[in-house]
Amino acid sequence: MKNRITDLFRSKKGEVLSVFYTAGFPSLNDTVPIALNLEKAGADIIEIGIPFSDPVADGPTIQQSNKTALDNGMNLRLLIEQVKEIRKQAKVPIILMGYLNPVMQYGVKEFVKDAALAGVDGLIIPDMPLYEYEEQYKDLFRAANLCNTFLISPTTSEDRIRRIDAVSDGFIYAVSASSTTGAKGDFTSEQVDYFRRLQGMQLNNPFLIGFGISDRSTFSKASTYGAGAIVGSAFINLLKESKDQKKDIEVFVKNLKGN
Amino acid sequence: MNYTVDARGYYGKFGGAYIPEMLYPNVEELRNNYLRIIQGEEFQKEFHGLLKDYVGRPTPLYYAKRLSEKYKAQIYLKREDLCHTGAHKVNNTIGQILLAKQLGKQKIIAETGAGQHGVATATVCALMGMECVVYMGKVDMERQRPNVERMRILGATVVPAVSGNMTLKDATNEAMRHWINHPTDTHYIIGSVVGPHPYPDMVARFQSVISDEIKKQLTEAQGNPFPDYVFACVGGGSNAAGAFYHFLEDEHVNLVAVEAAGKGVDSGESAATTALGKPGVLHGSKTLLMQTDDGQVIEPYSISAGLDYPGIGPIHAHLFDVGRVKFVSATDDEAMNAGIALSRLEGIIPAIESAHAVAVLSQFEFDADDVVIINLSGRGDKDLETYIRWGKY
Ligand SMILES: Cc1ncc(COP(=O)(O)O)c(C=O)c1O
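Cut-off values and rules
Residues numbered from 1 in each chain as written. Chains lettered and ligands numbered in written order. Predicted model: local features only at pLDDT ≥ 70, side-chain atom pairs only at ≥ 80, totals over all residues. Heavy atoms only, no water. Contact = heavy atoms within 4.5 Å. Buried area = accessible area lost by both parts, 1.4 Å probe. Salt bridge = Lys/Arg side-chain N within 4 Å of Asp/Glu carboxyl O. Polar contact = N/O pair within 3.5 Å; in protein donor to acceptor, adjacent residues only side chain to side chain. Helix = DSSP H or I, 4+ residues; strand = E, 2+ residues; numbered from the N terminus. Nonpolar A, V, L, I, M, F, W, Y, C, P; charged D, E, K, R; others polar. Near = heavy atom within 4 Å. Areas by Shrake-Rupley, 256 points an atom, 1.4 Å probe, with all protein chains shown as cover. 1 Å grid on protein atoms, 1.4 Å probe; cavity = no way out; pocket = protein on both sides within 12 Å on 5 of 7 lines; lining within 4 Å. Points joined across faces, edges and corners; volume = space filled by probe spheres on them. Domains from an automatic or database assignment. Buried < 20%, exposed > 50% of the residue type's maximum accessible area, 1.4 Å probe, protein only. Pairing = 2+ DSSP bridges. Axes fitted to C-alpha atoms, helices over the stretch in contact; angles between N-to-C directions.

Let's shift gears to the interface of chain B and chain A. Taken together, the 34 residues of chain B in the interface contact 36 residues of chain A. By the criterion of area lost to chain A, the three top residues of chain B are Glu21, Met22 and Arg177 of chain B, representing 23% of everything that side buries. Where chain B meets chain A, there are three salt bridges. The partner of Glu21 of chain B in a salt bridge is Arg160 of chain A, with the nearest N and O atoms 2.8 Å apart. Our enumeration of links across chain B and chain A arrives at 21 residue pairs in polar contact (both at pLDDT 80 or more). Counting residues per element, the ones that place at least two in the side of chain B that touches chain A are helix H1 (24-38), helix H8 (168-181), strand S11 (278-282) and strand S12 (285-289) of chain B. In terms of residue count, the dominant contributor to the side of chain B that touches chain A is H8 of chain B (seven residues). Partitioning the side of chain B that touches chain A into residue classes produces 16 nonpolar, nine polar and nine charged.

Pasting the structure below:
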C-alpha cells in the first residue's frame, strides 16, 4: 500500500522539512489554513499536535499553545474533521502527534481507523510504551496504512534504537538533546557526536532531527546528518506573533530551506 | 489474588511506564537497580537505622479510648503524625535519598502540594548534604507559606510552577520536565505511589514499614496481628499503601481508603478519583484519572492540599477494581469537623488529610470488639491557618 510518508522518503533524500504546530492555535479554525499555507510554502511534512492538559515533554512555548488551543475548544474529534478539510486540498503527508491519554479516551482502534480515513499518514505518540505498540497496536497501524514514529534521544541505547528501528515505519524522530521542546542555539559537539553515531548505525529507517531546530543554520546542519529536521517551537512563536499568516509562513519556510 | 506489581510494573490493568523516550534511561536505571539496592543488607541497615534514630520510629499505635467510646469499637491511631517533619512522607524520602546516593546522583528534585513531601525531601537533602530543588504550584505556595519557608530554611530552592492551575499536578509536570532536562546527575523523589514503574512499588515498599509495625504492635496489644479494619486517606495513596501493604493477603482485614469529596462528590469541586475517574494515563502510569470525555485532566479540589490530586496510584486503582479495598469519601466539612472532634476527644490535632480518615467512621457499623486502625498520616501544625479560617471550634 502507498503511504505519503514512505513515498516522500523514497523520492527525497535530504533536507526534508517537517513543521509542527498545535491544532486549534492561535485560533480554533487556524488548523486548516496553516497546513495549506505550509504545503504551498514548501514544507515536506505537516505535523499537527493534539493538545493536552499536561504536556510533560514540552517546554513553555508548546505548553502555552496547548493551553490556548484547549481554551479555544479544540478536541480530537474536531481535529479529525479539520484533517478531512486539509486533505481535500493538500497532498502533503500529515502526521498527528500527541500524548496517549486523549487518544486512549477516543479509543486507540477507533482513532487509528478515523485518522487513516481522514487522510492522516502517520502518528507520533511519545508516551506510548514500545512494548504496548509491539504487542497491541502494530498490526492495527499497519492494516490502516499508518506510519508510527518513535522518539530516540542522546541517552537511548544502541540496542533500543535497533529495536525501535525494527518496528518503525516512515522515519525515526531523533530528539537532538536530553531536553523538553523549545528553540535553542547551535548544536554542541556532544550533539554532533550523537548525530554521527546515528548516521553510522545504517538504520532501516531515515531519521529526522527535532527539538531546537529554529533557523536555516540549525536546519541545514541537522540535515547533513539526518534526512532532514523538524521545526516546532520556533514556528509556534511565529504564529503567536503573526498578523499575516500566509506571508509569514512563506517567508519562514523559504528561510529554513535557504531560498 | 495477587496484589503485587508484575515484572513490567502493572497491578492488573494499571501501572506501567508511560513516559517519553527522554525519560526512558532514567526510569530504566531505577527499574534495573531498585530492588537489588533496597533489598541489600547494607541499605536495610542504614534505612532502618535512620527510621529509628532520625524519624523516631516505630511510631506509637495508640489506643484512642474516648474515640473508641464514641464509635463503639476498639480504635487505634497509628501515629505517623509523630514522625520527624510531621507526616509519613519522610519514610519514603529517607529510602529514596539512600537509593539516590547508591546510584551516584548529586542532585535531588521533588514536587510538592501541601509542602509536606517538599519539607521531607528538603530535610533528607540537608541530612545528606545534597542539592535540593522542589517544584510547588504557585497557588499552593501562597496557601502553604510556612512550609515554603521551612523548605528554604532547610536549604532547598523552591521553584513556583506557573503552568495550568498552579497546584500539585502542575508541580509534578514541572519536576518531570526538569528531570528530562537533567537526566544523569539528578534523582527525582516522587512523593506518593504514583509515577512510572518502579516508583509506585518503590514508594509502597518504603511506606510498608507502617503496616509492618502495626502487625507487631497489635500482636503485643491483643495477641494476634490482625485488625478488623484499616482506614487511611488517599491523595496519591502512599500512606494508605503503607498502612495496607502487609494486610493485602489477609482478606479478612477490611481495608478502607478515604478520598476527598471536597464540596461533595457531585459538586464539580471534588478529588474523589474512584467515584469520578476513568482509566487514563498521567505522570507515567495508567490509572484512574479525573478527566473530560476528551481526555483532558480535570483539576481536582479539596480543602486539603495533600489530597488535591486528579489521580490515584495504580496499586489503588487495581485494589479498587478487584474490590480488595473499599473506597469511601469525606467532604471538606466532614473532615474539618472530624479534625476538631479528634482534637477535643484525644488531644491530637490531625492534618486535614488525615482528618478525612477519621471523618468516615460514622459511615460504618462496627461490632463493639472490632479492632479499627486509623492511619493518622500527619499532624495539623501545617493546617493551622485552615483551621483558623474554618473557625467553627
Ligand atoms: C499528612 C498527609 N497525609 C496524606 C497525604 C496524601 O498523600 P498520600 O495519599 O500519598 O499519603 C499528604 C500529602 O501531602 C499529607 O501531607
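Residues and elements named next belong to chain B. Taken together, the neighbourhood of the ligand is formed by 18 residues, with Ser192, Gly235, Gly237, Ser238 and Ser377 sitting nearest. Note that an oxygen atom of the ligand is positioned 2.7 Å from one of the backbone N or O atoms of Gly237. Taken by itself the ligand offers 390 Å² of open surface, and the protein chains cover 97% of this.

Below, the discussion takes up empty space enclosed by the protein. All names here are of chain B. Taken as a whole and judged by the stated rule, the model has six cavities of 30 Å³ or more. Counted as a void, the largest cavity has a volume near 360 Å³. Lining of the largest cavity is provided by 33 residues; of these, Lys89, His117, Leu168, Gly191 and Gly306 occupy positions nearest its centre. Every element with two or more residues in the lining of the largest cavity is listed here: strand S5 (107-112), helix H5 (116-128), H8, helix H11 (238-244) and helix H15 (352-359). Tallied by class, the residues present in the lining of the largest cavity amount to 10 nonpolar, 19 polar and four charged. Two domains each put at least three residues into the lining of the largest cavity: domain 1 (10-50 + 89-203) and domain 2 (56-87 + 208-390). Put simply, the second largest cavity is a space of about 290 Å³.

Right, let's talk about the environment of Lys13 of chain A for a bit. Residues and elements named next belong to chain A. Inspection of the secondary structure puts Lys13 in the loop between helix H1 (4-11) and strand S1 (16-22). Classification of Lys13 by relative accessible area gives exposed; the value is 66%. Expressed as a C-alpha distance, the spacing of Lys13 and Ile161, which sit 148 residues apart in the sequence, is 21 Å. Reaching out from Lys13, the side chain makes a polar contact with the backbone oxygen of Phe9 at a distance of 3.2 Å.

Tracing the backbone shows Asp381 of chain B in the loop between strand S14 (371-376) and helix H16 (384-390). A C-alpha to C-alpha distance of 9.8 Å links Asp381 of chain B and Ile352 of chain B, two positions 29 residues apart in sequence.

Residues and elements named next belong to chain B. The domain architecture assigned to chain B consists of domain 1 (10-50 + 89-203) and domain 2 (56-87 + 208-390). Summarising the inter-unit geometry, the C-alpha centres of domain 1 and domain 2 are found 22 Å apart. The partner domain 2 presents 41 residues to the 40 residues of domain 1 that form the contact. Both sides of the domain 1 and domain 2 interface together cover about 3200 Å² of buried area, and 60% of this is carbon and sulfur. Inspection of the region where domain 1 meets domain 2 yields three salt bridges. For Asp321, the salt bridge identified is with Lys13, shortest N-O distance 2.9 Å. Our count for the domain 1 to domain 2 interface comes out at 15 residue pairs in polar contact (both at pLDDT 80 or more). For the side of domain 1 that touches domain 2, the secondary structure elements donating two or more residues are strand S2 (14-15), helix H4 (89-102), H5, helix H6 (138-143), helix H7 (145-153), H8 and helix H9 (199-207). If one sorts the elements of the side of domain 1 that touches domain 2 by residue count, H8 sits on top with six residues. Looking at the side of domain 1 that touches domain 2 residue by residue, the class counts come to 16 nonpolar, 16 polar and eight charged.

Residues and elements named next belong to chain B. The sheet built from four strands is open, its strands ordered S7-S6-S5-S8 with parallel pairing. The sheet is open, and its two edges are formed by strand S7 (157-161) and strand S8 (186-189), each paired on a single side. Shown here is a sheet whose adjacent strand axes are inclined to one another by a mean of 25°, direction ignored. In this sheet, S8 lies alongside S5 in parallel orientation, the contact comprising four bridges. Each residue of the ladder has a partner; that of Ile108, found in S8, is His187. Contacts from H4 reach S5 and S8, with the element oriented near 165° to S8.

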